[in-house]
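# Architecture and fold: a report
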Amino acid sequence: MSEPAFDVAVIGAGVVGCAVARRFVLGGARVLLLEKGADLLSGASKANSAILHTGFDAPGGSLELACMQRGYAEYMQIAQALNLPVLETGALVAAWSDQEFERLAQLHAQASDNGVHDVQRLDRAEMLAREPHIAPSVRGGLLVPGEHVIDPWSAPLAYLRQAVENGGRAVFDAPLLAGRRVGAQWRLHSARGHFRARCVVNCAGLWGDRVEAMLLGQASFQIKPRKGQFVVFDKSASALLRSILLPVPGEHSKGIVLTRTVFGNLLVGPTAEEQEDRSRATVERAALQRLIDKAGQLLPALRTMPVTAVYAGLRPASEKKEYRLHLQADAGYFAVGGIRSTGLTAALGLAAHVFDRLRPCLPDLAPPDRVLCSPVPNLAEHRERDWEKPGDNDIVCHCERVTRREIEAALTGPVPALDLGGLKRRTRVCMGRCQGFHCAARVAELSAGHFHAPLALATLDRHG
C-alpha cells in the first residue's frame, strides 16, 4: 500500500510548527505534522515567559523583528475569534545603575527606529508612581505600552486545532527516523509510519540541526541549547506588580524578567545557561535562590511571598544570534531554526514568511472556500473561567479551580491531551499550590484510557 501523500510535512509541534501547519492549511495545502513527543509543546515551547513582544529592542532591520511584528499583529487580529487572552500590562524597562540609565536613550531611539513609537521615558518618580512596590533605588526607565502577557500554551493549541479542523493531520510519538528526496517528493520514515510530501518544513527546535543533517546530508546551523530556570510565586504576589518589569537588555539575553502571568501568578526568570544536553532541563537550588533573591531585590515585598512552583526549559539557540532560516527550493525544504525567546511572539509571522517563500514550490494551492474557527477554552484569571459558568461545574483541582468539564473536554476533541503534561497545559490541573497532591487520583481516574502511559495502574480485582 502506498504511503499517505501531503503537500507539506511539518517536523515538530512546538509553537512555530503549529503556526506553520495552520498557515499552510489555510493556504489550501494538505498538511502533515510529525512530532516526536507524546503531545504538542513537548520540547522548547513548553517553558517561556509568555510575553507578547513589540520588538522595541530587537535588532533593527532583522528578520526576527519583521516576524515578531507580523506575528504580533496577526495574534491581536485572531485573538477574539480563537478566544486567546491578552493581559494588557505594558512593560517597564527599569534602569538600576548609572550605566543602565545612560543606555535608556539608545534603547528609546532603537524603539523608534523599529517602528514602536509609543515608548516613553520615565523618571524615577514616574516609575515609582506606576509601580509603588518596586525598589526605590530605581533610576528611571522606559514605558513600552504594547508589551502584553498571553497564555503560552493555548495559542499553539489553537493554531494546531484550526489546522486539524480544516483538514490537517497531526501524528504524535512519531520521531523522524529517515527521509530522502525521490523525484519531486520527500519519502519520510517515522516511528508511526511512512509518508510522502512535496515539501518539508523543519520546525524541530532543539533537534533542528539533526533533522536537517538527516534530510540534506549536512546542517547549515548548529543548535546550542540554552537553559532557562523560572520561579513561580503564589497568586497573592501578583497584586504587587501591574507591568512587566524588564531589565535593560544585554548582548546575549533579554535578562531576568519579573511579570504577572495570565494564570494569576507572578513569575521571575529565566536564567541563561549553555548546556550540551538537548532533552533534560534540570532545576538547581542555587540558581533558583539567585532568582528569588533578585526578585526580592527588585520587588522587596516578594521576600515574604511563598513560591508555588519552579521549572526549567531549553531554548534552541544556535551558534549565531539571529534566526537560522534556510530555504532550499530545489529540494522543497525550509528550515526554521535558532528560534529563541521571541518565538512565541514571532510564530505567526514566521509561518507567514515560510508560506510566502515556499509558495512558488506549490503553485497549485488554492485557499479553502470555508474556514472553521473554534475557540479554545479560557484559562486566564482576568476573564471568566469555566467554574464560574452555570451548570455542573464539579471542581477537581481546587488550587487552580479546574472543573471536571474542562478535563473531559481536554481529553477529547480534534487535538486531545495525550499525556499528563498536555492535560496540564490545556487545563492547569495539578499546577497549583499543592502540585496535584489532592487531585492527582481524580485526574488519573478521569484520564484512564486516554493516555498511552496511564497515570495509575489498574486496580487489582479484589478476588484476584
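Each value, and the rule that gives it
- Residues numbered from 1 in each chain as written.
- Predicted model: local features only at pLDDT ≥ 70, side-chain atom pairs only at ≥ 80, totals over all residues.
- Heavy atoms only, no water.
- Domains from an automatic or database assignment.
- Contact = heavy atoms within 4.5 Å.
- Buried area = accessible area lost by both parts, 1.4 Å probe.
- Salt bridge = Lys/Arg side-chain N within 4 Å of Asp/Glu carboxyl O.
- Buried < 20%, exposed > 50% of the residue type's maximum accessible area, 1.4 Å probe, protein only.
- Helix = DSSP H or I, 4+ residues; strand = E, 2+ residues; numbered from the N terminus.
- Pairing = 2+ DSSP bridges.
- Phe/Tyr/Trp six-rings, centres within 6.5 Å; stacked < 30°, edge-to-face > 60°.
- Lys NZ or Arg CZ within 6 Å of the ring centre and 35° of its normal.
- UniProt positions renumbered as here; feature names shortened; annotations may be inferred.
- Polar contact = N/O pair within 3.5 Å; in protein donor to acceptor, adjacent residues only side chain to side chain.
- Core = buried A, V, L, I, M, F, W, Y, C linked by side-chain atoms within 4.5 Å.
- Axes fitted to C-alpha atoms, helices over the stretch in contact; angles between N-to-C directions.
- Parallel < 35°, antiparallel > 145°, perpendicular 65-115°, else oblique.
- Nonpolar A, V, L, I, M, F, W, Y, C, P; charged D, E, K, R; others polar.

For the rest of this paragraph, the subject is the domain arrangement of the protein chain. Examined at the domain level, the protein chain breaks down into domain 1 (6-46 + 153-223 + 319-361), domain 2 (91-145 + 224-315) and domain 3 (386-447). The C-alpha-based centres of domain 2 and domain 3 are spaced at 30 Å. Between domain 2 and domain 3, the residue contacts involve six residues of the former and seven residues of the latter. Area buried by domain 2 at its contact with domain 3 is led by K235, F263 and T308, which between them contribute 69% of it. Counting across the interface, domain 2 meets domain 3 through two salt bridges. The partner of E400 in a salt bridge is K235, and the shortest N-O contact between them spans 3.2 Å.

Burial analysis of strand β5 (residues 91-95) places five of its five residues in the buried class, the great majority of the element. Across the two faces of β5 the burial is the same, with A91, V93 and A95 and L92 and A94 all buried. Relative to strand β7 (residues 140-144), β5 is paired through five bridges, and the arrangement is antiparallel. Considered in β7, the bridge of L92 is made with L143. Both β5 and strand β14 (residues 244-247) contribute to a ladder of four bridges, which runs parallel. Pairing of A91 across the sheet is with I244, part of β14.

Along the chain, the position of A5 falls in strand β1 (residues 5-11). For A5, a relative accessible area of 29% translates into the label partly exposed. Note: C-alpha distance between A5 and Q185 (180 residues apart in sequence) is 9.1 Å. Ignoring sequence-local partners within four residues, the contact set of A5 consists of R30 and R196.

Another aspect to go through is the packing of aromatic side chains. Following the criterion strictly, the structure yields four aromatic pairs and no others. Between F24 and F355, the aromatic rings sit 5.1 Å apart at their centres with planes inclined by 65°, giving edge-to-face as the arrangement. Residue F24 is located in helix α1 (residues 15-26), and its partner F355 is located in helix α8 (residues 343-358); the two are separated by 331 residues in the primary sequence. Of the two residues, F24 and F355, neither departs from the other in class, the shared state being buried. One cation-aromatic arrangement involves R139 over F101; the distance from NZ or CZ to the ring centre is 4.9 Å. The residue whose ring lies beneath R278 is W207, and the NZ or CZ to ring-centre distance is 5.7 Å.

The omega torsion of the bond from G269 to P270 falls at -5°, within 30 degrees of zero and hence cis. Take P270: it is sitting in the loop between β16 (266-269) and β17 (273-274). A positive phi angle is found at Q435, which is not glycine, with a value near 55°.

Right, let's get into the side chain of D57. Mapped onto the elements of the fold, D57 is located in the loop between β3 (51-52) and α2 (63-82). Residue classification places D57 among the buried residues on the basis of a relative accessible area of 16%.

What follows deals with the UniProt feature "domain: BFD-like [2Fe-2S]-binding" (unreviewed entry) in the protein chain. As annotated in UniProt, the feature "domain: BFD-like [2Fe-2S]-binding" (unreviewed entry) corresponds to residues 395-446 in the numbering used here. End C-alpha atoms of residues 395-446 are separated by 13 Å, and the span's content is 42% helix alongside 10% strand.

Inspection of the secondary structure assignment puts R404 in helix α9 (residues 404-410). When its relative accessible area of 17% is taken as the criterion, R404 is described as buried. Along the primary structure R404 and A158 are separated by 246 residues, whereas in three dimensions their C-alpha atoms are 21 Å apart. Residue contacts for R404: discarding those within four places in its chain leaves D392, D394, V396, R442 and L446.

Let us now look at the side chain of S190. The topology assignment puts S190 in strand β11 (residues 185-190). Residue classification places S190 among the buried residues on the basis of a relative accessible area of 6%. Side-chain polar atoms of S190 contact the backbone nitrogen of R192, separated by 3.0 Å. Apart from residues lying up to four places away in sequence, S190 is in contact with L34, A174, P175, L176, L177 and F195.

Ranked by internal contacts, the top residues of the largest apolar core, which has 80 residues, are F24, Y75 and Y159. Ranked by the residues each element gives to this core, the list is headed by α8, at nine residues. Of the residues that make up this core, three or more belong to each of domain 1 (6-46 + 153-223 + 319-361) and domain 2 (91-145 + 224-315). By size, the runner-up hydrophobic cluster in this structure holds 24 residues, among which are F195, V211, L215 and A331.

All right, on to the packing of α2 against α8 then. Running from amino to carboxyl end, α2 crosses α8 at an angle of 105°, the nearest separation of the two axes being 6 Å. Between α2 and α8, the crossing angle belongs to the class labelled roughly perpendicular. Note on element contacts: α8 touches α2 through T345, A346, L348, G349, L350, A352, H353 and D356, opposite L63, C67, M68, R70, G71, Y72, E74, Y75 and I78. Its residues placed into classes, the contact of α2 with α8 shows ten nonpolar, four polar and three charged.

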